[in-house]
Amino acid sequence: MGRLPRGLLPPTRATRSTSMKERKAIESWLTDMDGVLVHEGEPVPGAPEFVNRMKASGKPFLILTNNSIYTPRDLQARLYRMGFEVDEQSIWTAALATAQFLADQRPGGTAYVIGEAGLTTAMHASGYILTEFDPDYVVLGETRTYSFEAITKAIRLISGGARFICTNPDATGPSNDGLLPAAGSVAAMVSKATGVKPYFVGKPNPMMMRSALNAIGAHSETTAMIGDRMDTDVLCGLEAGLETILVLTGISSRLESETYPYRPSRIVNSVADLIDEI
């Protein structure tokens, strides 16, 4: 037998059985929003048709985002302007996952929150009282205007014993003018000042996936996660036991995907390639 190309190994009994093992049919879908359905304020070609097919199929689905600035209703309106017609109940944010997590951990608790309407609305809806006086938690999310005064208050409260929660670990976020510092960057500053690391609820924490699955009554064995980032979407879906599909319309490229120690279940050019599967 001729020599195989570098990096390829001859099939063994173990690799044959692994490659032949097939997952159950997909009965529900989770998909990231930015980089998958929309890119730089425009719909990805074929994405509105993909969403319409999911709606018509009757299969449960959720559109996920780590961004905690907007409420599901805000995002519904944003998507509608780009040609997507989805219910706000079909949108799941890191803010919702964070509020649900805290309501499960300490029902009726108190929190000092740095964030915007997406996060504060979710916290109120979960039964939390927002206060700067001896709160159970400091909860950090995204905001368009991080206040030095608010960050200072957070540092002092955490140093005084408040537990530190952050909606997501993303270091930067996109804007029309370029990158912006996001919650992960500010969390690093607060951690440096306090010596306390936050608990991140959003992707790549599989908590985000499990909360989304619970929201639509889906099972990991029959759910697929579609994302454009290896370090959040694919990792999160993989650790939650989902089929993972990397699309090439956002952050991660096919070449970059090969540098990670884990792999998506498959790679497609865009969600347009998945329409016929639904």
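Use the structure listed above.
Residues numbered from 1 in each chain as written. Predicted model: local features only at pLDDT ≥ 70, side-chain atom pairs only at ≥ 80, totals over all residues. Heavy atoms only, no water.

Describing the sheet that holds strand β14 (residues 243-247)
Overall, parallel pairing links the 6 strands, which are arranged β5-β4-β1-β13-β14-β15 in an open sheet. Strands with a single pairing partner mark the edges of an open sheet, and in this sheet they are β5 (91-93) and β15 (266-268). Recorded for the sheet is a direction-independent mean angle of 25° between the axes of neighbouring strands. Sheet topology places strand β4 (residues 61-65) next to β5; 3 bridges connect them, and they run parallel. Paired with Thr65 across the strands is Thr93, a residue of β5. Where helix α2 (residues 47-57) meets the sheet, its contacts fall on β1 (28-32), β4 and β13 (223-227), and the angle it forms with β1 comes to roughly 155°. Helix α8 (residues 206-216) contacts β1, β4, β5 and β13 of the sheet and is inclined by roughly 150° relative to β4. (Pairing = 2+ DSSP bridges. Helix = DSSP H or I, 4+ residues; strand = E, 2+ residues; numbered from the N terminus. Axes fitted to C-alpha atoms, helices over the stretch in contact; angles between N-to-C directions. Contact = heavy atoms within 4.5 Å.)

Focus: the packing of helix α4 (residues 94-105) against helix α5 (residues 117-125)
The interhelical angle for the contact between α4 and α5, taken along N-to-C directions, is 30°, at an axis separation of 8 Å. The angle between α4 and α5 places the two elements in the roughly parallel class. Here α4 and α5 pass one another in a crossing that is right-handed. Taken together, the residues of α5 that come into contact with α4 (itself represented by Ala95, Leu96, Ala99 and Leu102) are Gly118, Leu119, Ala122 and Met123. The residue inventory of the contact of α4 with α5, partitioned by class, reads 7 nonpolar, 1 polar and no charged. (Parallel < 35°, antiparallel > 145°, perpendicular 65-115°, else oblique. Left-handed = near helix turned anticlockwise from the far one by under 90°. Nonpolar A, V, L, I, M, F, W, Y, C, P; charged D, E, K, R; others polar.)

Observations concerning the nonpolar core
Judged by nonpolar contacts, the single largest core of 30 residues is most densely connected at Leu30, Leu64, Leu102, Met123, Val139, Met208 and Met209. Those elements that provide at least two residues to this core are β4, α4, β6 (110-114), α5, β8 (137-140) and α8. Broken down by element, this core gets its largest block of residues, 6 residues, from α4. Look past the residues within four positions of Leu102 in its chain and what remains in contact with it is Pro107, Met123, Tyr128, Tyr137, Val139 and Ile165. Core analysis: the next-biggest nonpolar cluster, separate from the first, contains 28 residues, Val38, Val44, Met82 and Val268 among them. (Core = buried A, V, L, I, M, F, W, Y, C linked by side-chain atoms within 4.5 Å. Buried < 20%, exposed > 50% of the residue type's maximum accessible area, 1.4 Å probe, protein only.)

Description of the environment of Glu40
Within the secondary structure, Glu40 sits in the loop between β2 (38-39) and β3 (42-43). Judged by relative accessible area, Glu40 falls into the exposed class, the value being 70%. C-alpha separation for the pair Glu40 and Gly250, spaced 210 residues apart in sequence, amounts to 9.5 Å.

Topic: the packing of α8 against helix α9 (residues 230-239)
Remark: α8 packs on α9, axes separated minimally by 8 Å, with the N-to-C direction vectors making an angle of 65°. What the angle tells us is that α8 and α9 run roughly perpendicular. You can see that α8 and α9 cross each other, and the crossing is right-handed. For the pair α8 and α9, the contacting residues are Pro206, Met208 and Met209 in the first and Cys236, Gly237 and Glu239 in the second. Broken down by class, the residue content of the contact of α8 with α9 amounts to 4 nonpolar, 1 polar and 1 charged.

Re the sheet that holds strand β9 (residues 163-166)
The strand order β7-β6-β8-β9-β12 describes an open sheet built from 5 strands, whose pairing is parallel. The open sheet terminates on both sides in strands that have one partner only, identified here as β7 (129-130) and β12 (199-200). Relative to β12, β9 runs parallel, the two being bridged by 2 bridges. Of the residues in β12, the one forming a bridge with Ile165 is Tyr199. Here α5 sits on the sheet and contacts β6, β7 and β8; the angle it forms with β6, its principal contact strand, is near 170°.

Comments concerning α5
Here α5 has its buried residues at Gly118, Leu119, Ala122 and Met123. Projected down its long axis, α5 carries its buried residues within an arc of 125°, all on one side. (Arc of directions from axis to C-beta.)

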